[in-house]
Every structure is written in C-alpha cells, then in structure tokens.
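Commentary on secondary and tertiary structure
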Amino acid sequence: MTKAKTATAVKTGAKQVEEAVANGKETVAKAVAATKEQVEKASDATLKGYDEFASVNKENMDAFVEATNVFSKGVEELGKAYFAFAQSAMEASVEASKSLMAAKTVTEVVDLQVDLVRANVDNAVAEGNKLSEMAYKLTNETFQPLQDRFNANMEKAMKPAA
C-alpha cells in the first residue's frame, strides 16, 4: 500500500472512531437525561404520596380528638343527669319519710307507702329511659366523626390512582 492509501485509511478509521465516540456520548447523554427524568418523577410521586399520607393522618387524628371531646362532654352530661336523679330521689324519700311519720293510722301509712312505691317506680322508669336515650345519642354523636373519616378514607382508597 502506498502512503496516500494508508493515510486515507487512517483518516477514514479515525473518522469512524470519532463518529462512534460521538454516537456513544449522545446515547449516554440521552440515557442519563431519561434516568434523571424518571428519578425526578419518582421523587415527586413519593413526596406527593407522603404529603397525602400526612394529610390523611392529620385528618384522622382530628376526627379522633373531636370524638373524644364529644364523648367527654356527653359523659359529663350523663353524670349530671344521674346525680340530679339521685338527688331528687333522696329528696322524695325524705319527704315521704316525713309524711309517713305524720300519718295517724295504719291505713294512712299503707296508702302513703303504696303511693311512694308507685311514684318511685314511675320516676325510676322515666329516668332510666331518659338516661338510655342520652347514652344512645352520645354513642351516635361520638362515632359520627370517626364514621365520616372512615367513609372519606374508603373513598380515597377506592379512587383509582391518577
């Protein structure tokens, strides 16, 4: 081979190597850019998922605190109603005792005793119903914030991921 053909072959080979290196650099640059884009998307999705989790957790805790407050107030009201009933029953017993002491005949004592028993039973049934209704209402009001959060969480869970 002549020097000219050798020089041409070297130039052609060098050109091919330079083109291959340039194509390799371009391919690597594209791969790095695509990887960077995927990492950014994954990071954004992860951060968004964490933000949603934190938000849901805060809402759940707020519902629990609200339910606890409702329960505490309701128990306080139930306690007041019970002690008001106990106090009125005690006052009625004192009055009944005074009436029984003032009775002059056995028949009058028996009549007063029958009236006292009837009044006490009627009052106990009425107060028992009142306390039961209060407890039922308290149960419903206590669980309402928790039920609302459960429903909201189920809606989010059933919603297809976007």
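One structure accompanies this document, and this report is about it.

1. Remarks on the packing of aromatic side chains
Working definition: an aromatic ring pair is given by the centre-to-centre distance plus the angle between the planes. Counted according to the given criterion, the structure contains one aromatic pair. On the numbers, 5.4 Å between centres and 75° between planes, the contact of Tyr-82 with Phe-83 is edge-to-face. Given a relative accessible area of 44%, Tyr-82 falls into the partly exposed group.

2. Structural notes on the side chain of Arg-149
Residue placement: Arg-149 occurs in helix H2 (residues 106-158). The class of Arg-149 is buried, set by a relative accessible area of 15%. Here Arg-149 is in contact with Val-56, Glu-59, Asn-60 and Ala-63, once residues within four sequence places are set aside.

3. Details of the pattern of salt bridges
Enumeration over the complete set of coordinates arrives at eight salt bridges. A salt bridge links Glu-26 to Lys-30; its shortest N-O distance comes to 3.2 Å. One end of the pair, Glu-26, and the other, Lys-30, are both in helix H1 (residues 3-102), four residues apart, so they sit about a helical turn from each other. Judged by its relative accessible area of 55%, Lys-30 falls in the exposed class. With its nearest N and O atoms 3.9 Å apart, the salt bridge here joins Lys-98 to Glu-95. Remark: Glu-95 and Lys-98 occur in helix H1; sequence separation between them is three residues, near one turn of the helix. Among the residues examined, Glu-95 registers a relative accessible area of 47% and is labelled partly exposed. When salt bridges that share partners are traced, they join Glu-59, Arg-149 and Lys-156 into one network.

Criteria and cut-off values
Residues numbered from 1 in each chain as written. Predicted model: local features only at pLDDT ≥ 70, side-chain atom pairs only at ≥ 80, totals over all residues. Heavy atoms only, no water. Phe/Tyr/Trp six-rings, centres within 6.5 Å; stacked < 30°, edge-to-face > 60°. Buried < 20%, exposed > 50% of the residue type's maximum accessible area, 1.4 Å probe, protein only. Helix = DSSP H or I, 4+ residues; strand = E, 2+ residues; numbered from the N terminus. Contact = heavy atoms within 4.5 Å. Salt bridge = Lys/Arg side-chain N within 4 Å of Asp/Glu carboxyl O.

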